[in-house]
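Each chain, letter by letter, is given below.
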Amino acid sequence: PAMLRETRAAGVPVALVNGRLSAASVRRWTRWPALHASLAALLARFRLLLAQSAPMADLLRVLAPAATVADPLHVGDLKQLRGAAPPSDEAVEAIRAAVRAAPCVWLAASTHEGEEAV
């Protein structure tokens with residue numbers, strides 16, 4: 001939360017990529033209105049929400065404040081894309097242009113043993 005607060009204060013856009021919440025996390029975050037409000041405030045710090053499944057995108061639509069967050073998109077589970085067709089040259093260039101235009105790019109990644117080999 002602190003990094004998200006600081007990036008927002010600095011005007012740096014942040015995206016949640018391959019986002020998901022476990023059922024247990026959803027239950028915890030939504031058990032009390034104050035926690036649900038905290039989750040909504042946390043999600044509001046992201047300019048872009050990319051969910052790994054259509055049901056998760058739907059859930060993020062419910063949990064995220066619509067006025068402050070772009071509509072969550074379902075892009076698929078990025079960890080399952082191994083062997084998929086490579087992106088088009090146009091898509092790669094569009095991503096490169098977006099990264100070049102950003103004031104800075106940070107990557108906060110979470111991986112598990114064995115995923116680095118993929």
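If you're wondering where the values come from, they're calculated on a predicted model, not measured in any experiment.

A. Representation of the overall build of the chain in the model. From N to C terminus, the chain includes five helices and three strands. Within the chain, the proportion of its 118 residues that are buried is 21%. When contacts within the chain are restricted to residue pairs at least 6 apart in sequence, those whose partners lie at least 24 apart make up 60%. Only carbon and sulfur atoms are counted for the fraction: they give 60% of the accessible area of the chain, which is about 8,400 Å².

B. Broad picture of the sheet that holds strand S1 (residues 15-19). Spatially, the three strands line up as an open sheet ordered S1-S2-S3, and their pairing is parallel. On the outer flanks of this sheet lie S1 and strand S3 (73-74), each paired with one strand and no other. Pairing geometry for strand S2 (residues 48-51) and S3, over two bridges, is parallel. Within the sheet, the bridge partner assigned to Leu50 lies in S3 and is Leu73. In the packing of helix H4 (residues 54-63) onto the sheet, contacts are made with S1, S2 and S3, and the angle to S2 comes to roughly 145 degrees.

C. The arrangement of the side chain of Asn18 in detail. Checked against the element boundaries, Asn18 lands in strand S1. On the basis of relative accessibility, which here comes to 15%, the residue Asn18 falls in the buried class. Sequence-distant contacts of Asn18, that is, excluding residues within four places in its chain, are made with Leu50, Gln52, Gly76, Asp77, Leu78 and Lys79.

D. H4, seen in detail. Taken as a whole, H4 has its buried residues at Met56, Ala57, Leu60 and Leu63. All buried residues of H4 lie within an arc of 125 degrees about the axis, which places them on one face of the element. Exposed side chains of H4 directed beyond 90 degrees from the buried face belong to Pro55 and Val62. Looking at the buried side of H4, the elements it contacts are S1, helix H2 (23-30), helix H3 (33-43), S2 and S3. Two or three places before Met56, at the opening of H4, Ser53 has a side-chain oxygen 3.1 Å from that residue's backbone nitrogen.

E. Quick peek at the packing of H2 against H3. Relative orientation of the contacting elements H2 and H3 amounts to 115 degrees, with a least axis distance of 6 Å. In terms of their interaxial angle, H2 and H3 are classed as roughly perpendicular. Contacts between H2 and H3 involve Arg28, Trp29 and Thr30 from the former and Leu35, His36, Ser38 and Leu39 from the latter. For the contact of H2 with H3, the per-class residue count stands at three nonpolar, three polar and one charged.

What counts, and at which threshold
Residues numbered from 1 in each chain as written. Predicted model: local features only at pLDDT ≥ 70, side-chain atom pairs only at ≥ 80, totals over all residues. Heavy atoms only, no water. Helix = DSSP H or I, 4+ residues; strand = E, 2+ residues; numbered from the N terminus. Buried < 20%, exposed > 50% of the residue type's maximum accessible area, 1.4 Å probe, protein only. Contact = heavy atoms within 4.5 Å. Areas by Shrake-Rupley, 256 points an atom, 1.4 Å probe, with all protein chains shown as cover. Pairing = 2+ DSSP bridges. Axes fitted to C-alpha atoms, helices over the stretch in contact; angles between N-to-C directions. Arc of directions from axis to C-beta. Polar contact = N/O pair within 3.5 Å; in protein donor to acceptor, adjacent residues only side chain to side chain. Parallel < 35°, antiparallel > 145°, perpendicular 65-115°, else oblique. Nonpolar A, V, L, I, M, F, W, Y, C, P; charged D, E, K, R; others polar.

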